[in-house]
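# Remarks on the overall topology
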Amino acid sequence: MPTVRNSLSIAAPPDRVYAVARDVERFPEFMPEVQRITILESDPDGRRQLVEWVGLIPSFRLTVKWTEEDHWDDVERTCRFRQVKGDFTEYGGAWRFESDGGGTRFDSEVHYELEIPTIGPLIRGVVKKIMTENMERLQAAIKQRCEAGDVKRDT
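The structure displayed is predicted, hence computed values, not measured ones.

This next bit is on helix α1 (residues 14-22). The element α1 is extensively covered by neighbouring structure, given that seven of its nine residues are classed as buried. Residues Pro14, Val17, Tyr18, Ala19, Val20, Ala21 and Arg22 constitute the buried set of α1.

The full count for this structure, using the stated rule, is 15 salt bridges. Between aspartate 74 and arginine 22 there is a salt bridge, with its nearest N and O atoms 2.7 Å apart. Taken together, the residues span a long stretch of sequence, with aspartate 74 in the loop between β4 (62-73) and β5 (78-86) and arginine 22 in helix α1 at a distance of 52 residues. Owing to a relative accessible area of 40%, aspartate 74 belongs among the partly exposed residues under this scheme. The class for arginine 22 is buried, based on a relative accessible area of 19%. For arginine 26, the salt bridge identified is with aspartate 23, shortest N-O distance 3.9 Å. A single salt-bridge network, built from bridges that share partners, covers Glu41, Asp43, Arg48, Glu69 and Arg82.

Generally speaking, soluble globular proteins have nonpolar side chains that are buried together. In terms of nonpolar packing, the biggest core is built from 37 residues, with Phe27, Trp95 and Ile142 touching the most fellow members. With eight residues, helix α3 (residues 124-147) is the largest single contributor of residues to this core. Sequence-distant contacts of phenylalanine 27, defined by excluding residues within four places in its chain, comprise Val20, Ala21, Ile37, Trp53, Trp95, Leu138 and Ile142.

The antiparallel open sheet is built from seven strands, whose spatial order is β1-β7-β6-β5-β4-β3-β2. The open sheet has two edge strands, β1 (3-10) and β2 (34-42), and neither has a second partner. When strand polarity is set aside, the average angle formed by the axes of neighbouring strands in this sheet is 20°. Note that β4 and β5 share eight bridges and pair antiparallel. The residue of β5 that forms the bridge with threonine 67 is lysine 85. The strands touched by α3 within the sheet are β1, β3 (48-57), β6 (90-100) and β7 (103-113), with β1 carrying the most contacts at an inclination of about 20°.

Further remarks concern the confidence of the model for the protein chain. Overall, the prediction assigns the protein chain a mean pLDDT of 89, with 90% of residues at 70 or greater. Looking across the protein chain, the model is least confident in α3, with a mean pLDDT of 87, and most confident in β5, with 98.

Analysis parameters
- Residues numbered from 1 in each chain as written.
- Predicted model: local features only at pLDDT ≥ 70, side-chain atom pairs only at ≥ 80, totals over all residues.
- Heavy atoms only, no water.
- Buried < 20%, exposed > 50% of the residue type's maximum accessible area, 1.4 Å probe, protein only.
- Helix = DSSP H or I, 4+ residues; strand = E, 2+ residues; numbered from the N terminus.
- Salt bridge = Lys/Arg side-chain N within 4 Å of Asp/Glu carboxyl O.
- Core = buried A, V, L, I, M, F, W, Y, C linked by side-chain atoms within 4.5 Å.
- Contact = heavy atoms within 4.5 Å.
- Pairing = 2+ DSSP bridges.
- Axes fitted to C-alpha atoms, helices over the stretch in contact; angles between N-to-C directions.
- pLDDT = per-residue confidence, 0-100.

Structure below.
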């Protein structure tokens, strides 16, 4: 199964970066490829969430929908996620937010399989490039939001 990984340094404390990342319902405000994110269920402590995503792959004029189960660990500042239903054949991964010389290192890893019947297996490399670019854009958007100080203060 294809995997994409990326690390990004952010000039903000880990708790701030983690708070921005946990506020997933705000992602469409600063990520154009994300049309909608809805938290369908959340445990009372918020550690486990069932989250519906609707995103765009503009180059294929394709809308991708999936529901993932997220497990947030506030002590370790991690999120492990996996698709429970949706358009991906397989989808899952982890985010880690670690202290890095006064800032934060945001590590992201995603395992996925996305079959697009009308396009077929010939474009797997293109899909991997799109997944990598989406991961980088997500991390860059979180970085920009954190470094600008735009964080919900009540998280």
